[in-house]
Amino acid sequence: MEKGRVYITGAGPGDERLVTVRCRELIENADVIVYDRLASEKLLCYAKEDCELIYAGKEPKNHTLNQQEINNVLVKKARENKSVLRLKGGDPFIFGRGGEEAERLFDEGIEFEVVPGISSFYSVCAYAGIPVTHRDYASSVHVFTGHKKNDGEIDFKSVAKLKGTLVFLMSMKNLSNITKELMANGMDKNIPSAVIQWGTTPKQKPIIGTLGDIAEKAKEEKINHAAIAVIGDVVKAREKIEWQKYRPLWKKKIAVTRTTDKIGEIEKVLSEKGAFVMPFPTIKIGEPNDYTALDNAIYNISKYSLIVFTSVNGVDSFFGRMRKLHKDIRSLSNIKIFAIGKRTKEAIEERGIFVDLMPEKYNSDMGGKLIAENIHEGDFVLYPTSDIAGDSIVEAVEKVGGSVDKITAYTNTVNTDINSSVLEDIRNGGYDAVVFASSSQAENFINIVGKENINSKIFSIGVKTTETLEKNGVKVDATAEVSTIEGVCDAVLKELL
């Protein structure tokens, strides 16, 4: 049996995209993940289905697990010969107690690896438009923790004489005392200062002031954890380089429904526009109980004049079985290929096959009409699809005298493994929008969330999806003019700007 090992890594400052490639690899392969409250929950979406998730969130006066208990968990799970990921906000060795955890593992004779992360002390400043160094303002940066293992460890007399940028992490509880001590030891009360709460996330809130008033301003705005304080002339640069405000969807929270195993293109497009996009997997794609029908169709593939694909999942399943049965694409040489949807077309052509037919409007009704125009009486059509697919394509083919083998290539069921905190946030109106890319995603979402709990703007990729939502009593704010990823993203932009 493989020996247990612990990986101590930083998850970055909050934006899940600010994570290292190595950290992402470890999340995807870990048997156990022990994570903090400052590690983005979106990162956990990449964990294996059977990964054990252990929340070790720590905030002032409210520790789910104390440090000793966390150390014990790491040791225990490693001794079970598991791959254990300790996922910490920021960088594990910058005021993150990663060093203490590593020492304990060494003492216990357990192998470990340390993976650095992007620290909040500079990345949060960057997201707020504040460079921690700048030739016009500061040539050095000094980082402190606002609370220490023992009180009185900061030599304010020396710190007050420093010429560079001062950054205080975990400092909100003691910010008033910190600023008073700095001024009492000679620092100018008018030096520019800032406090940034929940940096790099949609909740990011910067407060700008001076050393003399920043603590009071932070108190008035009810700024607490997690936040950092920045003191120095570099704060002036924010007037010109506060870049986030130019991103059209900055600070917008959007939930995107999808399957459990696909990272959606919609998520990528909206994230690029500045939105915080949370995947909400409503569909679980699975294998059929029996592949006999699909295998027989593949063995007798030459009898078909057309193969119909209406989803990427259908493409993946069909070509997966082709490979399993040692059938290559040459066996499809005399068969026309039909696809609904740009992404489906791309998935087919990635296999080295060009699509012959695709409707201009990406839905099954238009697809059925196009198919009927391109087949003849007596033709056989293969339609590998999900177990819940409708019959509009079958009806269109049979209407002109063709025959269809509609075969279950994959199953489409409601995802029951839902992130409870995301679900609660959606039900409480914590998201500006929810985006739907299919009718089945819409139906499953309503079953999971409850239509009475939908308090966000609703966006649909097409007419069929809109009909499903409205049939279930859900008001749709906008339907994509063109039923594509780009189309629904355009609809979101128009409505939320």
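These lines cover the structure that appears in this document, whether it is placed above or below. Because the structure is predicted, anything quoted here is derived from the model rather than measured. In every chain, residue numbers begin from 1 and rise along the written sequence. Under the rules for a predicted model, residues below a pLDDT of 70 receive no local features and side-chain atom pairs below 80 are neither given nor counted, while totals for whole chains, interfaces and linings still include all residues. Hydrogens and water are ignored here; the side-chain numbers use all heavy atoms of the structure.

1. Examining the pattern of salt bridges
Stated formally: Any carboxyl oxygen of Asp or Glu within 4 Å of a side-chain nitrogen of Lys or Arg constitutes a salt bridge here. Strands are runs of DSSP state E lasting at least two residues, helices are runs of H or I lasting at least four, and both sets are numbered from the N terminus onward.
Counted according to the given criterion, the structure contains 38 salt bridges. Residues Arg86 and Asp36 are paired through a salt bridge, measuring 3.0 Å at the closest nitrogen-oxygen approach. Placement of the pair is Arg86 in strand E6 (residues 83–88) and Asp36 in the loop between strand E2 (32–35) and strand E3 (52–55), with a sequence separation of 50 residues. For Glu52, the salt bridge goes to Lys77, with nearest N and O atoms at 3.1 Å.

2. Focus on the environment of Glu41
Here is the rule we go by: In what follows, a contact means two residues having at least one pair of non-hydrogen atoms within 4.5 Å.
Turning to its location among the elements, Glu41 is positioned in the loop between E2 and E3. When the C-alpha positions of Glu41 and Gly96 are compared, they lie 18 Å apart, and in sequence the two are 55 residues distant. The contacts of Glu41, once residues within four sequence positions are left out, are Asn419, Ser421 and Val422.

3. A closer look at the packing of helix H16 (residues 439–449) against helix H17 (residues 463–471)
Cut-off, in case you're wondering: Axis lines are fitted to C-alpha atoms, over the contacting stretch for helices. Their N-to-C directions set the angle, which ranges from 0 to 180 degrees. In these notes the angle categories are as follows: under 35 degrees is roughly parallel, over 145 is roughly antiparallel, 65 to 115 is roughly perpendicular, and the rest is oblique. For a crossing to be left-handed, the near helix must be turned anticlockwise from the far one by less than a right angle; the clockwise case is right-handed. Side-chain classes follow a simple rule in which Ala, Val, Leu, Ile, Met, Phe, Trp, Tyr, Cys and Pro form the nonpolar group, Asp, Glu, Lys and Arg form the charged group, and the remainder, Gly included, forms the polar group.
Look at H16 against H17: their axes get within 8 Å of each other, and the N-to-C directions meet at 20 degrees. By the criterion of interaxial angle, the relationship of H16 to H17 is roughly parallel. Read as a crossing pair, H16 and H17 show a hand that is right-handed. Of H17, the residues touching H16 (which contributes Ser439, Ala442, Glu443 and Ile446) are Lys464, Thr465, Thr468, Leu469 and Lys471. In terms of residue class, the contact of H16 with H17 is made up of three nonpolar, three polar and three charged.

4. Overview of the side chain of Thr282
Secondary-structure assignment places Thr282 in strand E14 (residues 276–286). Excluding anything up to four places from it in sequence, Thr282 contacts Thr257, Arg258, Thr413, Val414, Asn415, Gln441, Asn444, Phe445 and Ile448.

5. Observations concerning the side chain of Asn71
Put simply, the rule is: Whether a residue is buried, partly exposed or exposed follows from its accessible area with a 1.4 Å probe, protein chains only, as a fraction of its type maximum: under 20%, in between, or over 50%, in that order.
By secondary structure assignment, the location of Asn71 is in helix H2 (residues 67–79). Take Asn71: its relative accessible area is 8%, and that puts it in the buried class. Aside from chain neighbours lying at most four places away, what touches Asn71 is Glu101 and Arg104.

6. With respect to the nonpolar core
Put simply, the test is: Working definition of a nonpolar core: buried Ala, Val, Leu, Ile, Met, Phe, Trp, Tyr and Cys residues. They are joined through side-chain atoms within 4.5 Å.
Ile301, Ile307, Phe309, Phe318, Leu332, Ile348 and Leu382 are the most contacted members of the largest nonpolar core, which has 28 residues in total. Elements that contribute at least two residues to this core include exactly E14, helix H10 (292–299), strand E15 (306–309), helix H11 (312–324), strand E16 (336–339), helix H12 (342–349) and strand E18 (403–414). Among all residues touching Phe309, those that are not within four sequence positions of it are Gly314, Val315, Phe318, Phe319, Ile337, Phe338, Ala339, Ile340, Thr344, Ile348 and Pro384. Residues Ile154, Leu175, Leu211 and Ile223 belong to the second largest nonpolar core, which totals 23 residues.

7. Description of H2
Under the convention used in this document: Expected helix span is given by 1.5 Å per residue-to-residue step, counting one fewer step than there are residues. Throughout this description, a polar contact denotes any pair of N or O atoms lying within 3.5 Å of each other; where both atoms belong to protein, one of them has to be capable of donating a hydrogen while the other can accept it, and for residues adjacent in sequence the pair is counted only when both atoms sit in side chains.
Under the 1.5 Å per step criterion, the end-to-end length of H2 is 19 Å for 13 residues, consistent within 8% with the ideal 18 Å. Those residues of H2 that fall on the buried side of the exposure criterion are Gln67, Ile70, Asn71, Val73, Leu74, Val75, Lys77 and Ala78. You can read the cap of H2 off the contacts: a side-chain oxygen lies 3.1 Å from the backbone nitrogen of Gln68, and it is on Asn66. Positive phi shows up at Asn81, right after H2, with a value of about 60 degrees.

8. Structural notes on helix H14 (residues 392–399)
The condition is simple: The arc in question is the one spanned by the directions pointing from the helix axis to the C-beta atoms.
Buried within H14 are the following residues: Ile393, Val394, Ala396 and Val397. The arc enclosing the buried residues of H14, seen along the axis, measures out at 165 degrees, which places them on a common side. Exposed positions of H14 whose direction lies more than 90 degrees from the buried face are Glu395 and Lys399. Following H14 by one or two positions, Gly401 adopts a phi angle in the positive range, close to 90 degrees.

9. Quick look at the packing of aromatic side chains
The test is simple: Centres within 6.5 Å make a pair out of two Phe, Tyr or Trp rings, where for Trp the six-membered ring is used; the pair is then stacked when the planes are under 30 degrees apart, edge-to-face when over 60, and tilted otherwise.
For the structure on display, the rule yields nine aromatic pairs. When the ring of Tyr127 is compared with that of Trp243, the centres are 5.2 Å apart and the planes differ by 75 degrees; the resulting orientation is edge-to-face. Placement of the pair is Tyr127 in helix H4 (residues 120–127) and Trp243 in the loop between helix H8 (238–241) and strand E13 (253–259), with a sequence separation of 116 residues. On the accessibility criterion, Trp243 (35% relative accessible area) is partly exposed.

10. Examining unusual backbone geometry
Here the phi dihedral of Phe95 falls at roughly 55 degrees; this positive angle occurs in a residue that is not glycine. The residue Phe95 is located in the loop between E6 and helix H3 (98–107) in this model. In this model, His326 sits at a positive phi of 60 degrees, which is unusual for a non-glycine residue. Among the secondary structure elements, His326 is positioned in the loop between H11 and E16.

11. Here's the deal with the sheet that holds strand E9 (residues 165–169)
Note the threshold: Two strands form a pair only when DSSP identifies at least two bridges running between them.
Read from one edge to the other, the open sheet built from five strands follows the order E8-E9-E12-E10-E11, with strand pairing classed as mixed. Pairing within the sheet leaves two strands with one partner each, and these edge strands are strand E8 (141–145) and strand E11 (205–210). Ignoring strand direction, the axes of neighbouring strands in this sheet form an average angle of 15 degrees. Pairing between strand E10 (residues 192–197) and strand E12 (residues 227–231): five bridges, direction antiparallel.

12. Side note on the packing of H10 against H11
Put simply, H10 and H11 touch, their axes get as near as 10 Å, and they point 65 degrees apart. When the interaxial angle is binned, H10 and H11 end up roughly perpendicular. Crossing geometry of H10 relative to H11 is assigned as right-handed. Residues Leu294, Asp295 and Ile298 of H10 form the contact with H11, whose own contacting residues are Ser317, Phe318, Arg321 and Met322.

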